[in-house]
Amino acid sequence: MKKWCLLLGQVLLLYGFNWLGKGIASYLPVPVPGSLIGLLLLFICLHKGWVRLQWVEAGATLLFSQMILFFVPSLVGMMQYPWLLGGKGLLVLLVVTSGCALVMVSTGVVAERLFRRGEVKQLDPVENV
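Below is a short write-up of the structure. Please read all numbers here as calculations on a predicted model, not as lab measurements.

Parameters and conventions
Residues numbered from 1 in each chain as written. Predicted model: local features only at pLDDT ≥ 70, side-chain atom pairs only at ≥ 80, totals over all residues. Heavy atoms only, no water. Patch = residues over 30% accessible without salt bridge, like charges linked within 9 Å, V, L, I, M, F, W, Y side chains within 5 Å. Areas by Shrake-Rupley, 256 points an atom, 1.4 Å probe, with all protein chains shown as cover. Salt bridge = Lys/Arg side-chain N within 4 Å of Asp/Glu carboxyl O. Helix = DSSP H or I, 4+ residues; strand = E, 2+ residues; numbered from the N terminus. Expected span 1.5 Å × (residues − 1). Contact = heavy atoms within 4.5 Å. 1 Å grid on protein atoms, 1.4 Å probe; cavity = no way out; pocket = protein on both sides within 12 Å on 5 of 7 lines; lining within 4 Å. Points joined across faces, edges and corners; volume = space filled by probe spheres on them. Nonpolar A, V, L, I, M, F, W, Y, C, P; charged D, E, K, R; others polar. Buried < 20%, exposed > 50% of the residue type's maximum accessible area, 1.4 Å probe, protein only. Polar contact = N/O pair within 3.5 Å; in protein donor to acceptor, adjacent residues only side chain to side chain.

Regarding a nonpolar patch on the surface
Phase 1 of the analysis: A cluster of nonpolar side chains, contributed by Leu-28, Val-30, Val-32, Leu-36 and Leu-39, occupies part of the molecular surface with about 420 Å² of accessible area.
Phase 2 of the analysis: Structurally, Leu-28 can be placed in the loop between helix 1 (2-27) and helix 2 (34-48).

Concerning helix 5 (residues 87-117)
Structurally, the α-helix is built with 3.6 residues per turn, so residues lying three or four positions apart point the same way.
Phase 1 of the analysis: For helix 5, which comprises 31 residues, the first-to-last C-alpha distance of 45 Å matches the rise-based estimate of 45 Å (1.5 Å per residue) to within 8%.
Phase 2 of the analysis: Immediately downstream of helix 5, the backbone of Gly-118 shows phi near 90°, a positive value.

Description of the environment of Cys-45
Phase 1 of the analysis: Locating Cys-45 in the fold gives a position in helix 2.
Phase 2 of the analysis: Sequence-distant contacts of Cys-45, that is, excluding residues within four places in its chain, are made with Phe-17, Trp-50 and Val-51.

What about the layout of surface pockets?
Phase 1 of the analysis: Of the volumes computed, that of the largest pocket is approximately 540 Å³.
Phase 2 of the analysis: Looking at the lining of the largest pocket element by element, the count peaks at 7 residues for helix 2.
Phase 3 of the analysis: A per-class count over the lining of the largest pocket returns 14 nonpolar, 3 polar and no charged.

Considerations on the side chain of Gln-10
Phase 1 of the analysis: Looking at the secondary structure, you find Gln-10 in helix 1.
Phase 2 of the analysis: On the basis of relative accessibility, which here comes to 4%, the residue Gln-10 falls in the buried class.
Phase 3 of the analysis: Separated by 2.6 Å, the side chain of Gln-10 and the backbone nitrogen of Gly-59 make a polar contact.

Now the structure itself:
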């Protein structure tokens, strides 16, 4: 029972950041979803130490483990467009996959060239810890 109350409190804290972000988004004239603003606020609070990771970790893990429930409506909505499951859907998948591959390859090539020129210093990951 204590574990469930702790999880409920953590989920409510996460929901509070979401609600706060949506409130800020309704007042700001920027086309950014309130949930992203709330996530940014949570990140800032975690980074500054105002919110400890232990206060939200179990609740976030619970929400991530149930993430498939959040995607079921989009999968059901896909049934309204049966062409996505046929030949045209394969073409869309091919375009999306090739676009992602092109971005990854071009990013790798640019990064490799910058490293070779010496314009970007490669850091040792052990030193950054």
